[in-house]
Structures are given as C-alpha cells and as structure tokens.
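Coordinates in review
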Amino acid sequence: QVQLVESGGGLVQAGGSLRLSCVASGRTFSTYVMGWFRQAPGKEREFVAAITWGGGNTYYADSVKGRFTISRDNAKNTVYLQMNSLKPEDTAVYYCACMLPRGFTSVFSARDYDYWGQGTQVTVSS
C-alpha cells in the first residue's frame, strides 16, 4: 500500500503562483512514476504532469506547458508541482497519483495509476 498526501492548495489571483507537494509512503518511492491530475466541477479528471522515477523525463498537458513544473525529491519521498502564471481555468481539485513499476502503461492515463491522494483544492480568481 502507498499513501499519498497532498498539500499546498489554496486561493490565488490570476497570474499568481502556488506550489503543491505530495508526500508518499513506501520505501521504493524512487521507483514510482508520479503524476498530477486535476478535476474541475462537472468535468472529467485530466492529466496535468508526470515525472519518471529518476526525474529524467517529465510530461505536461499542453494547457500547462511552460507554466507548470513537476519535480521530485526521492530522499524526501515528495513530488512537487510548481504552478506559475495561474489562470482561472486552472481552478480544480488537484490529485497526486503513483504508478508502480510495470510495463505497458501510459503516464497520461489516469487508469494506469495505482494509488491516489485525497486531492487539494486550487482556486484562481480573475
């Protein structure tokens, strides 16, 4: 079992910044692919960003590319999402997710992730 706990959400004005953190339990955190997804009211959960186990590969949704940065600190079992130039359309509940190592998976697909955090609300006012 892996437990994920997110923090860092809140209310911010358009153009502002927030940094989300997600702390994971488990001694093999460094082997997990970690991702961030978000879900706005009335919409499906969507991919935001992902990072491979060594941090060498990162992936972003087109809507956040150039504004958000995903990173990880394996020594702290923590993954971060730095969000800059926030827009009202970024308002959503943000979820951290963990994918255990195995083949034939897609970092972009929510169904391929094995564990999820409880979510943290991000609200961007115009």
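It should be noted that the structure appears before, not after, this text.
Reading the values: rules and limits
Residues numbered from 1 in each chain as written. Predicted model: local features only at pLDDT ≥ 70, side-chain atom pairs only at ≥ 80, totals over all residues. Heavy atoms only, no water. Helix = DSSP H or I, 4+ residues; strand = E, 2+ residues; numbered from the N terminus. Rg over C-alpha atoms; globule rule 2.2 N^0.38 Å. Buried < 20%, exposed > 50% of the residue type's maximum accessible area, 1.4 Å probe, protein only. Core = buried A, V, L, I, M, F, W, Y, C linked by side-chain atoms within 4.5 Å. Contact = heavy atoms within 4.5 Å. Salt bridge = Lys/Arg side-chain N within 4 Å of Asp/Glu carboxyl O. Polar contact = N/O pair within 3.5 Å; in protein donor to acceptor, adjacent residues only side chain to side chain. Disulfide = S-S within 2.5 Å.

**Here we look at the overall build of the protein chain**
Secondary structure assignment for the protein chain yields zero helices and eleven strands. Helices (α) and strands (β) of the protein chain occur, in sequence order from the N terminus, as β-β-β-β-β-β-β-β-β-β-β. Compactness check: the protein chain gives a C-alpha radius of gyration of 14 Å against a globular reference of 14 Å for 126 residues, within 12% of the reference. Taken along its principal axes, the extent of the C-alpha atoms in the protein chain is 40 × 25 × 25 Å. Here the protein chain, with 126 residues, has 44% of them falling under the buried criterion.

**A few points about the nonpolar core**
Met34, Trp36, Leu81, Met83 and Tyr94 are the most contacted members of the largest nonpolar core, which totals 38 residues. Breaking this core down by element, the ones donating at least two residues are β3 (18-24), β4 (33-39), β5 (46-51), β7 (68-73), β8 (78-83), β9 (92-99) and β11 (120-125). Of the residues forming this core, the biggest block, six residues, is contributed by β9.

**Comments concerning the environment of Val48**
Checked against the element boundaries, Val48 lands in strand β5. In this structure, the C-alpha to C-alpha distance between Val48 and Tyr60, residues twelve residues apart in sequence, is 5.8 Å. Leave out the neighbours within four places in its chain, and Val48 touches Trp36, Phe37, Arg38, Tyr59, Tyr60, Ala61, Val64, Phe68, Leu81 and Tyr94.

**Describing the pattern of salt bridges**
Enumeration over the complete set of coordinates arrives at five salt bridges. Ionic pairing is found between Arg102 and Asp114, a salt bridge with its closest N-O pair at 2.8 Å. Highlighted residues: Arg102 in the loop between β9 and β10 (115-116) and Asp114 in the loop between β9 and β10, separated in sequence by twelve residues. Assessed through its relative accessible area of 40%, Arg102 is described here as partly exposed. Using a relative accessible area of 32% as the deciding quantity, one classes Asp114 as partly exposed. When salt bridges that share partners are traced, they join Arg38, Glu46, Arg67 and Asp90 into one network.

**With respect to the environment of Tyr94**
Considering the arrangement of structural elements, one finds Tyr94 in strand β9. Judged by its relative accessible area of 0%, Tyr94 is buried. For the pair Tyr94 and Leu81, spaced 13 residues apart in the sequence, the C-alpha separation amounts to 9.9 Å. Leave out the neighbours within four places in its chain, and Tyr94 touches Glu6, Leu20, Trp36, Phe37, Arg38, Val48, Phe68, Leu81, Met83, Gly119, Thr120 and Val122. At 2.9 Å, the side chain of Tyr94 forms a polar contact with the side chain of Arg38. Side-chain polar atoms of Tyr94 contact the backbone oxygen of Asp90, separated by 2.6 Å.

**Observations concerning the state of the cysteines**
If you walk through the whole model with that rule in mind, you get one disulfide. The disulfide partner of Cys22 is Cys96, and the S-S distance across this bridge is 2.1 Å. The sign of the -75 degrees torsion about the S-S bond sets the Cys22-Cys96 disulfide as left-handed. Highlighted residues: Cys22 in strand β3 and Cys96 in strand β9, separated in sequence by 74 residues. This pair shows no difference in class: Cys22 is buried, exactly as Cys96 is. With no disulfide of its own, Cys98 lies 7.8 Å from the sulfur of Cys96, the closest cysteine sulfur. A relative accessible area of 0% places Cys98 in the buried class.

That is the geometry; function is a separate question.
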